[in-house]
Amino acid sequence: QPRFRLATLSNADYEFLRAGCHDLEVESGISFDAYLGCDGLGVAGLCLFKPEPAFYEQVRNLVLRPGYDWKRKVLHVAGAPYDANGAKAFGFRTAWNANSSHPVFFDYTGTGTNV
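Report on the accompanying structure. These figures come from a predicted structure and were not determined experimentally.

1. With respect to the nonpolar core
Core analysis: the biggest nonpolar cluster contains 15 residues, and Leu9, Leu36, Tyr56, Val59, Trp70, Val74 and Phe92 have the highest contact counts within it. When neighbours within four sequence positions are excluded, Leu9 is seen to be in contact with Leu36, Lys50, Phe55, Tyr56, Gln58, Val59 and His76. Counting residues in hydrophobic clusters, the runner-up holds five residues, among them Ala12, Leu17, Cys21 and Tyr35.

So this is what it looks like as structure tokens:
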């Protein structure tokens, strides 16, 4: 059994994510275990997007032996501060690639703290 699973979590739909990850998978030799997007998360044909909790909840199915603390077993790597803040507010461990030596943090969570 793998030690970890790799997934992409994006506001796009499954087909877009799979196509978008194809070259990366071929070049790196690493395959994603899942492409998690907005498909099937909304009502009446409307999609739900991050930071909607139901969006992050779909990750639970990938966690081996999830248990009550399953969110602490996830590392969400974000490319934008609002993605990092949303995942952190949901309970995921979070890393943010700021692409800057002077990142700016914003409180998108309403908690009064920078995450």
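2. Brief notes about the pattern of salt bridges
In total, this model carries two salt bridges according to the counting rule given. The salt bridge involving Asp83 is made with Lys50; its shortest N-O contact spans 3.4 Å. On the criterion of sequence distance, the pair formed by Asp83 in helix H3 (residues 81-90) and Lys50 in the loop between strand E2 (34-36) and helix H2 (53-57) is long-range, its members being 33 residues apart. Summarising the burial analysis for this pair, Asp83 and Lys50 share the class buried. Across the pair Glu57 and Arg60 runs a salt bridge whose closest N-O atoms are separated by 2.8 Å.

3. Here we look at the layout of surface pockets
Size it by volume and the largest pocket reaches roughly 660 Å³. Lining the largest pocket are 22 residues, and of these Arg5, Leu6, Ala7, Val74 and Leu75 sit closest to its centre. Elements supplying a minimum of two residues to the lining of the largest pocket: strand E1 (7-9) and strand E3 (75-78). Of the residues forming the lining of the largest pocket, the biggest block, four residues, is contributed by E3. Of the residues that constitute the lining of the largest pocket, the class distribution is 14 nonpolar, two polar and six charged.

4. Some thoughts on unusual backbone geometry
A cis amide bond links Lys50 to the next residue, Pro51, at an omega of 10°. With respect to the secondary-structure elements, Pro51 resides in the loop between E2 and H2.

5. Here we look at the packing of aromatic side chains
Aromatic ring pairs are described here by two measures, namely the spacing of the ring centres and the angle between the planes. Evaluated as defined, the whole model comprises eight aromatic pairs. Between the aromatic rings of Phe55 and Tyr56, the centroid separation amounts to 6.3 Å while the plane-to-plane angle is 85°, which identifies the pairing as edge-to-face. Given a relative accessible area of 0%, Phe55 falls into the buried group. Assessed through its relative accessible area of 0%, Tyr56 is described here as buried. Arranged with centres 6.1 Å apart and planes meeting at 65°, the rings of Trp70 and Phe90 form a pair that is edge-to-face. One end of the pair, Trp70, is in the loop between H2 and E3; the other, Phe90, is in helix H3, and 20 residues separate them in sequence. The pair formed by Trp70 and Phe90 is uniform in burial state, with each residue classed as buried. Within the aromatic cluster, the residues linked to one another by ring pairs are Phe55, Tyr56, Trp70, Phe90 and Phe92. Directly above the aromatic system of Phe90 lies the positively charged group of Lys71, at a separation of 4.0 Å from the ring centroid.

Definitions and cut-offs
- Here the residue numbering is sequential within each chain, running from 1 through the sequence in written order.
- Only residues with pLDDT of 70 or above have their local features reported here, since the model is predicted, and side-chain atom pairs are shown and tallied only from 80 upward, although totals for entire chains, interfaces and linings are computed over all residues.
- Calculated side-chain values reflect all of the structure's heavy atoms, with hydrogen atoms and water omitted.
- Throughout, nonpolar core names a set of buried Ala, Val, Leu, Ile, Met, Phe, Trp, Tyr and Cys residues whose side chains join them through atoms within 4.5 Å.
- When accessible area is computed with a 1.4 Å probe and restricted to protein chains, residues below 20% of their type maximum are described as buried, those above 50% as exposed, and intermediate ones as partly exposed.
- In what follows, a contact means two residues having at least one pair of non-hydrogen atoms within 4.5 Å.
- Any carboxyl oxygen of Asp or Glu within 4 Å of a side-chain nitrogen of Lys or Arg constitutes a salt bridge here.
- Going along the chain from the N terminus, every DSSP run of H or I of four or more residues is numbered as a helix, and every run of E of two or more is numbered as a strand.
- Cavities and pockets were defined on a 1 Å grid built over protein atoms only: a cavity is a set of grid points that admits a 1.4 Å probe from which the probe cannot escape, a pocket is an open set flanked by protein on both sides within 12 Å along at least five of seven lines, and lining residues are those with an atom within 4 Å of any such point.
- Grid points are joined across faces, edges and corners, and a volume is the space filled by probe spheres set on the points.
- Here the term charged refers only to Asp, Glu, Lys and Arg, the term nonpolar to Ala, Val, Leu, Ile, Met, Phe, Trp, Tyr, Cys and Pro, and the term polar to all other amino acids, Gly among them.
- Note on ring pairs: Phe, Tyr and Trp rings are taken, using the six-membered ring of Trp, and paired if centres are within 6.5 Å. Classes follow the plane angle, with under 30 degrees stacked, over 60 edge-to-face and the rest tilted.
- Think of it as a cone above the ring: NZ of Lys or CZ of Arg counts as a charge over the ring if it is within 6 Å of the ring centre and within 35 degrees of the ring normal.

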